[in-house]
Each structure stands twice: as C-alpha cells, then as structure tokens.
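Residue-level structural notes
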Amino acid sequence: MKPDIYLYILVMAGVTYLIRMLPLVLFKKEITSPFIRSFLYYVPYACLAAMTFPAILTAPSGGLLAGAAGLGAALAAAYREKSLVTVAFCACAAVFIAERIIGMMG
C-alpha cells in the first residue's frame, strides 16, 4: 500500500464526520417550516433512488430484466410505505430470484 492511503482515509473520515455533524451543530432549533420538513422527509427516498437506479440499468449478471424485477419490488414496497431497509431488501430479493429464474431458463 502507498503511504498516502492513510492520509486519504483520514481525510475522507473527517469529511464524512463533518457532513453528519454540521447539521446537528448548526440547526439547534426544531424546524417548523412545512416546506423544509416535507423536503427533508423525502431526502432518504431520493438518495436511495439516485444510488440504485443507475445500477438497475447496468445490472451485469441478470441484465435489465432482473433490474426491472428489483425496481418493481422496490416500488411496490415503497408504495406500501415500508421502511428503507425493507424496500432495499425486497429489491435485492427480487433481483436474486429473477437472476435464478433467468439462469435456469438460459
């Protein structure tokens, strides 16, 4: 390993800590604005979608069909207002099952 790798890890740990810590320090009062509260409510769902949607289109093993199965399962679970962990688990399980079915067919 390069000696610089430890510096990179240290810097990234600091950046990650600051991103998580700064909102707690800067916003000590309760947020009362309905617009900001509704915006913050949907941030986790938007982040999950932004991280997973590109992977759906470029799924290497099962292809687009397995990705579409995962997307459908995630949308169904999210529509039923399940937690983010449940939505992610349902999507992963659907992709796993779809890949197995596709593997048996071809």
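Look above for the structure.
Now for a look at the structure at hand. (Residues numbered from 1 in each chain as written. Predicted model: local features only at pLDDT ≥ 70, side-chain atom pairs only at ≥ 80, totals over all residues. Heavy atoms only, no water.)

**Looking at the overall build of the protein**
Heads up, the condition is: Comment: elements are numbered from the N terminus, with helices defined as DSSP H or I runs of at least four residues and strands as E runs of at least two. Atoms considered for the radius of gyration are the C-alpha atoms alone. The globule rule reads 2.2 Å times the number of residues to the power 0.38. Only protein chains enter the area calculation, which uses a 1.4 Å probe; residues under 20% of their type maximum are buried, those over 50% are exposed, and those in between are partly exposed. The contact criterion used throughout is that any non-hydrogen atoms of two residues lie within 4.5 Å. Per-residue accessibility takes into account occlusion by the displayed protein chains alone, with areas from the Shrake-Rupley method and a 1.4 Å probe. Residues scored as charged are limited to Lys and Arg (positive) and Asp and Glu (negative), so that His and the chain ends carry no count. Here the site of a charge means NZ on Lys, CZ on Arg, CG on Asp, or CD on Glu.
The secondary structure content of the protein amounts to four helices and zero strands. Secondary structure elements of the protein occur, N-terminal to C-terminal, as α-α-α-α. Over its C-alpha trace the protein gives a radius of gyration of 19 Å, far above what one expects of a compact globule, namely 13 Å for 106 residues. Within the protein, buried positions represent 11% of all 106 residues. For the protein, long-range pairs separated by at least 24 residues make up 49% of all intrachain contacts whose partners lie at least 6 apart in sequence. Summed over its atoms, the accessible surface of the protein is roughly 8,900 Å², and 75% of this surface lies on carbon and sulfur atoms. Looking at charge distribution, the protein has the averaged site of its 8 positive side-chain charges lying 4 Å from that of its 4 negative ones.

**A closer look at the packing of helix H3 (residues 63-79) against helix H4 (residues 84-105)**
Put simply, the test is: The axes are straight lines fitted to the C-alpha atoms, using for helices just the contacting stretch, and the angles between their N-to-C directions are given from 0 to 180°. Every angle not falling under 35 degrees, over 145, or within 65 to 115 is termed oblique; those three ranges are roughly parallel, roughly antiparallel and roughly perpendicular. Crossing handedness is read from the near helix: turned anticlockwise from the far helix by less than a right angle, it gives a left-handed crossing, and turned clockwise, a right-handed one. Each residue receives one of three labels: charged for Asp, Glu, Lys and Arg, nonpolar for Ala, Val, Leu, Ile, Met, Phe, Trp, Tyr, Cys and Pro, and polar for the others, Gly being one of them.
Running from N to C, H3 and H4 point in directions that differ by 150°, and their axes come no closer than 7 Å. Of the possible angle classes, the one that applies to H3 and H4 is roughly antiparallel. Our pair here, H3 against H4, has a crossing hand that is right-handed. Of the residues in H4, those touching H3 at Leu 65, Ala 66, Ala 69, Gly 70, Ala 73, Ala 74, Ala 77 and Ala 78 are Val 87, Cys 90, Ala 91, Ala 94, Val 95, Ala 98, Glu 99 and Ile 102. Taken together, the residues of the contact of H3 with H4 sort by class into 14 nonpolar, one polar and one charged.

**Focus: the packing of aromatic side chains**
How we decide: Pairing of aromatic side chains here covers Phe, Tyr and the six-membered ring of Trp, requires ring centres within 6.5 Å, and sorts the geometry by plane angle: under 30 degrees stacked, over 60 edge-to-face, intermediate tilted.
Taken as a whole and assessed by the stated rule, the structure comprises one aromatic pair. When the ring of Tyr 41 is compared with that of Tyr 42, the centres are 4.9 Å apart and the planes differ by 85°; the resulting orientation is edge-to-face.

**Remarks on H4**
Heads up, the rule is: Helix span, as expected, comes to 1.5 Å for every residue beyond the first. In this context, the arc is that of the directions from the helix axis out to the C-beta atoms.
For H4, with 22 residues, the first-to-last C-alpha span of 32 Å sits near the 32 Å given by 1.5 Å per residue. Residues of H4 that are buried include every one of Val 87, Ala 91, Ala 94 and Ala 98, and no others. The buried residues of H4 all sit within an arc of 65° when viewed along its axis, so they share a single face. Along H4, exposed side chains directed more than 90 degrees from the buried face belong to Val 85, Phe 89, Cys 92, Gly 103 and Met 104.

**Let's talk about the packing of helix H2 (residues 34-57) against H3**
H3 packs onto H2 with a crossing angle of 150° between their chain directions and a minimal axis gap of 8 Å. Judged by the inter-axis angle, H2 sits roughly antiparallel to H3. Listed contacts from H3 to Phe 53, Ile 56 and Leu 57 of H2 are Leu 64, Gly 67, Ala 68 and Leu 71. Broken down by class, the residue content of the contact of H2 with H3 amounts to six nonpolar, one polar and no charged.

**Focus on helix H1 (residues 4-26)**
Basically, it comes down to this: We define the bend at each residue as the angle formed by axes fitted to the 7 residues ending at it and the 7 residues starting at it.
In a regular helix each residue adds 1.5 Å, so 23 residues correspond to 33 Å; H1 covers 32 Å between its end C-alpha atoms and thus fits that length. Approximately 30° is the largest bend angle found in H1, and it occurs at Arg 20, with the proline Pro 23 only one to four residues beyond.

**Quick word on the pattern of salt bridges**
To keep it simple, the criterion reads: The term salt bridge refers to a pairing of a side-chain nitrogen on Lys or Arg with a carboxyl oxygen on Asp or Glu at a separation within 4 Å.
Using the criterion set out here, one finds one salt bridge in the structure. Put simply, Glu 30 and Arg 37 hold a salt bridge, and the shortest N to O gap is 3.8 Å. Classification of Arg 37 as partly exposed rests on a relative accessible area of 45%.

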